[in-house]
Each structure stands twice: as C-alpha cells, then as structure tokens.
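Architecture and fold: a report
The chain contents come next:
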Amino acid sequence: MKGLRWRYTRLPSQVEDALSGEEGKEEKGEEEKEEEAAPAPAPVPEDPAEPQLAEASQVLGASEIRQLSLHLPPRLTGRSWSLAFCTSRDGFSLRSLYRQMEGHSGPALLVLRDQDGQMFGAFSSSAIRLSKGFYGTGETFLFSFSPQLKVFKWTGRNSFFVKGDLDSLMMGCGSGHFGLWLDGDLYHGVSHPCATFNNEVLARQEQFCIKELEAWVLS
C-alpha cells in the first residue's frame, strides 16, 4: 500500500520528466485549439472600426473598406472618411488633387481602379501634397486587392514614403523603382517592387491606365 502510494505521488513527476513530450503535445493541442479560436474574434473590431464615409466610394465596396480599416493605425479607428478628390468629379489632374488636398494635414487614403479592374492604392500618414523631397512616416503602406487584400508595410530599409512633384506622384522607392508612380494627368501609372515596402507589383502589369481614382482624408 505504501509502495502504491509512492507510485501514485511520483507518477505526475515521471510524466513531466520522462513523458514531457506527450504532455507537451496535449498542452500544445489545447494551445492550438485556443489559437484556432483566437483568430475568430479578429473580425470583432470591424464594428467599432467601421469608418464613417461622408459619401459612397466609386472604387471600394463595403467589404474592401472594412478590410482596409483593420490595417489603419489604431488612432484612426472609427474616424470619418471625407472624399477630398475623385477623378469623376474633379477631373484627371494631379494639380487638381493637390488643390483639393490643401488645408488638410491629416492622413490620406489613395485608392484607384485601373482599366483592368484591379483595385489598389496607398495609405499616407500625411496629406498628399507638393514636396521638395520624400515625406511621411512608417505608418505609410501600399495595398492591393488581387483579389484578396494584400498590405505592404514599411520595411525600415529607407524612408522614401511619399514625394509629390508637379508632374508625378511617387510612393515608395528603391534602386530607381517606385512602388507606386502616377503621372501628372492621373491617367498613366507604374508599379514596381521597391525596398521601402517590399511590395509586389500592385496592378496586373507594371504599367497601367487609371479608370477611377479617389483621395480620402481621414479625420
């Protein structure tokens, strides 16, 4: 009886010391169940993070807007989106985009659809504007729906976030290639992988033609 009692009290220790692999497997199994259950609440922030759009987007649908909102900086959760510029209303002109963005200092979301129907764009931590050099912060990112959302965050390799010239707009750069480049007419564009975001080509082809472009101010 005494021996049985000794064996009984030693059994957990033997399991921990000699059979820790099996116990670890059981614990891992429970952890994996918890981890599998953990992603389920991920969509919960959708309601609180649901942005308030002043008017409907002609590029993004409700699903795309919800998905993008989850990748915005937490400080912008639930903020309103105001349409500062759209080509259907303001014309295909980069200078017009700059004019419409004047007076806005907050973050901006640039979204576009090309002639192939591909949707992509960029989030800028600052308003889109004319600049002598690159500006912005590590919150800036590129994205593409192909068809699932892919977000390309800052790699930390350089700080070439956004640069606005009179005849072109650039976002992300490295080795002479831009992650997103738009001409002054907001009609032709180019996308290359770049060091700033380690992004894929955002459109189906490196060179594309814009069908619709919108610039939203997040405030």
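Residues numbered from 1 in each chain as written. Predicted model: local features only at pLDDT ≥ 70, side-chain atom pairs only at ≥ 80, totals over all residues. Heavy atoms only, no water.

Going by the annotation in an unreviewed UniProt entry, the name recorded for the protein chain is TLD domain-containing protein 2 isoform X4, with Camelus ferus given as the source organism.

1. Describing the overall build of the protein chain
We apply this condition: Here a strand is any run of E in DSSP of at least two residues, a helix any run of H or I of at least four, and the numbering for each starts at the N terminus. Burial here depends on accessible area, computed with a 1.4 Å probe over protein chains only, as a share of the maximum for the residue type. Under 20% is buried, over 50% is exposed, and the range in between is partly exposed. Should any heavy atoms of two residues lie within 4.5 Å, those residues are counted as being in contact. The protein chains shown are the only cover counted for residues, whose accessible areas, like all others here, come from Shrake-Rupley with a 1.4 Å probe.
Check the secondary structure of the protein chain and you find six helices and 11 strands. Residues classed as buried in the protein chain amount to 39% of the 219 residues present. Considering only intrachain contacts with a sequence separation of at least 6, the fraction spanning at least 24 residues in the protein chain is 59%. As displayed, the protein chain offers around 12100 Å² of accessible surface, 50% of which is attributable to carbon and sulfur atoms.

2. Side note on the nonpolar core
Here is the rule we go by: In this text, buried Ala, Val, Leu, Ile, Met, Phe, Trp, Tyr and Cys residues form a nonpolar core when linked through side-chain atoms within 4.5 Å.
Residues M101, I128, L180 and L182 are the most contacted members of the largest nonpolar core, which totals 32 residues. Sorting the residues of this core by element identifies β2 (80-86), α6 (94-101), β3 (108-114), β4 (119-124), β8 (168-174), β9 (177-183) and β11 (207-218) as the ones contributing at least two each. Top contributing element to this core by residue count: β11, with five residues. Beyond its immediate sequence surroundings of up to four residues, I128 is in contact with L97, Y98, M101, A108, Y135, V162 and L169. In this structure, L60, I65, C86 and L218 belong to the second largest nonpolar core, which totals 19 residues.

3. Details of the packing of aromatic side chains
The criterion, for reference: Whether two aromatic rings pair depends on their centres lying within 6.5 Å, for rings of Phe, Tyr and Trp, where Trp uses its six-membered ring; planes under 30 degrees apart make the pair stacked, over 60 edge-to-face, and the rest tilted. Charge-over-ring contacts are defined here by two conditions on Lys NZ or Arg CZ: a distance within 6 Å of the ring centre and an angle within 35 degrees of the ring normal.
Counted by the stated rule, this structure contains seven aromatic pairs. Aromatic pair F123 and F141: ring centres 5.3 Å apart, planes at 25°, arrangement stacked. Remark: F141 occurs in strand β5 (residues 141-145) and F123 occurs in strand β4; sequence separation between them is 18 residues. Three or more aromatic residues joined by ring pairs form one cluster here, namely F123, F141, F143 and F145. The side chain of R129 reaches across the aromatic face of Y135, ending 3.9 Å from its centre.

4. With respect to helix α4 (residues 62-69)
Cut-off, in case you're wondering: The arc in question is traced by the directions running from the helix axis to the C-beta atoms.
Along α4, the residues that are buried comprise E64, I65, L68 and S69. For α4, the arc enclosing every buried residue in end-on projection is 130°, short of the 170-degree limit, so these residues lie on one face.

5. Some details on unusual backbone geometry
Cis geometry marks the peptide bond from S146 to P147, where omega comes out at -10°. Unlike most non-glycine residues, N198 shows phi in positive territory, near 50°. Relative to the helices and strands, N198 resides in the loop between β10 (188-190) and β11.

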